[in-house]
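If you want the building blocks of each chain, they are given just below.
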Amino acid sequence: MSLQIFEDLKNAQSRDPAARSRLEVFLAYPGVHAIWGHRMAHWLWNHHCTLIARVWSNLTRSATGIEIHPGAVIGRRFFIDHGMGVVIGETAIIGDDVMMYHDVTLGARTYKKGKRHPTIGNGVILGAGARVLGDVKIGAGAVIGANTVVLSDVVERANIDPSEFFTI
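All figures in this text were calculated on a predicted structure; none of them were measured in a lab. (Residues numbered from 1 in each chain as written. Predicted model: local features only at pLDDT ≥ 70, side-chain atom pairs only at ≥ 80, totals over all residues. Heavy atoms only, no water.)

1. A look at the packing of aromatic side chains
In step 1: Under the definition given, this model contains 1 aromatic pair.
In step 2: Ring geometry for phenylalanine 26 against tryptophan 36: centres 5.6 Å apart, planes inclined by 50 degrees, an arrangement best described as tilted. Placement of phenylalanine 26 in helix H2 (residues 22–28) and of tryptophan 36 in helix H3 (residues 30–46) is noted, with a sequence separation of 10 residues between them.
In step 3: Using a relative accessible area of 39% as the deciding quantity, one classes phenylalanine 26 as partly exposed.
In step 4: When its relative accessible area of 19% is taken as the criterion, tryptophan 36 is described as buried. (Phe/Tyr/Trp six-rings, centres within 6.5 Å; stacked < 30°, edge-to-face > 60°. Helix = DSSP H or I, 4+ residues; strand = E, 2+ residues; numbered from the N terminus. Buried < 20%, exposed > 50% of the residue type's maximum accessible area, 1.4 Å probe, protein only.)

See below:
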């Protein structure tokens with residue numbers, strides 16, 4: 001777990017040119033705090049402590065302005081920059097090396113049970129205000145522009161140079 005925290009700090013600092021130090025990220029980055037809170041809530045969710053997971057998730061949302069359902073699955077090196085207003089639904093799946101800006105929604109379009117939220121591939125960038133709704137797939141390396149509403153699958157970006165991903 002401590003290695004993952006170190007990776008999160010290093011990742012945030014590498015993706016945000018305004019980050020002056022890992023200490024600053026540790027103390028003052030709500031996007032990073034939301035991910036840490038989600039990991040705890042997700043662990044509780046997976047261990048059948050769903051009520052406690054939901055309460056923990058709500059406390060994290062109150063502290064950060066970022067709402068991540070404890071059932072959502074999130075990969076490594078996920079970074080939320082200026083995260084106020086972000087909403088990530090219960091059945092959302094987010095790959096590795098994803099960058100998300102403020103006011104993004106990964107939401108549902110149905111009340112039916114089952115998979116109803118998006119699946120986001122590795123290395124995707126989600127611009128401010130983007131709405132990705134329903135059980136759609138966003139392919140690896142895709143860039144979703146600011147204020148875009150996505151209701152259908154987006155193909156993987158061809159000829160992706162791995163160095164374009166924000167890896168550390």
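2. Observations regarding the environment of aspartate 8
In step 1: Relative to the assigned elements, aspartate 8 resides in helix H1 (residues 2–15).
In step 2: In the structure, aspartate 8 is positioned 14 residues away from arginine 22 in sequence and 9.4 Å away in space, judged by C-alpha atoms.
In step 3: Among all residues touching aspartate 8, those that are not within four sequence positions of it are Trp36 and Arg39. (Contact = heavy atoms within 4.5 Å.)

3. Section: the nonpolar core
In step 1: Formed by 25 residues in total, the largest nonpolar core has its most connected members in Ile88, Met100, Leu106 and Leu126.
In step 2: Discounting chain neighbours no more than four positions away, the residues touching isoleucine 88 are Glu67, Ile68, His69, Ala72, Phe78, Ile94, Met100 and Leu106.
In step 3: Listed in part, the 9 residues of the second largest apolar core include Leu9, Ala12, Val25 and Phe79. (Core = buried A, V, L, I, M, F, W, Y, C linked by side-chain atoms within 4.5 Å.)

4. Looking at the sheet that holds strand E3 (residues 79–80)
In step 1: Taken together, 4 strands build an open sheet; the order of strands is E3-E6-E9-E12 and the sheet is parallel. Each edge of the open sheet is held by one strand with a lone partner, namely E3 and strand E12 (143–144).
In step 2: As judged from the 2 bridges shared by strand E9 (residues 125–126) and E12, these two strands associate in the parallel manner. What sits directly across from leucine 126, in E12, is isoleucine 144. (Pairing = 2+ DSSP bridges.)

5. Focus: the sheet that holds strand E5 (residues 93–94)
In step 1: Strands sit in the order E2-E5-E8-E11 across an open sheet of 4 strands; the sheet is parallel. The open sheet has two free edges, formed respectively by strand E2 (73–74) and strand E11 (137–138), since each of these has just one partner strand.
In step 2: Note: strand E8 (residues 119–120) against E11, 2 bridges, orientation parallel. Looking across to E11, one finds that threonine 119 is bridged to lysine 137.

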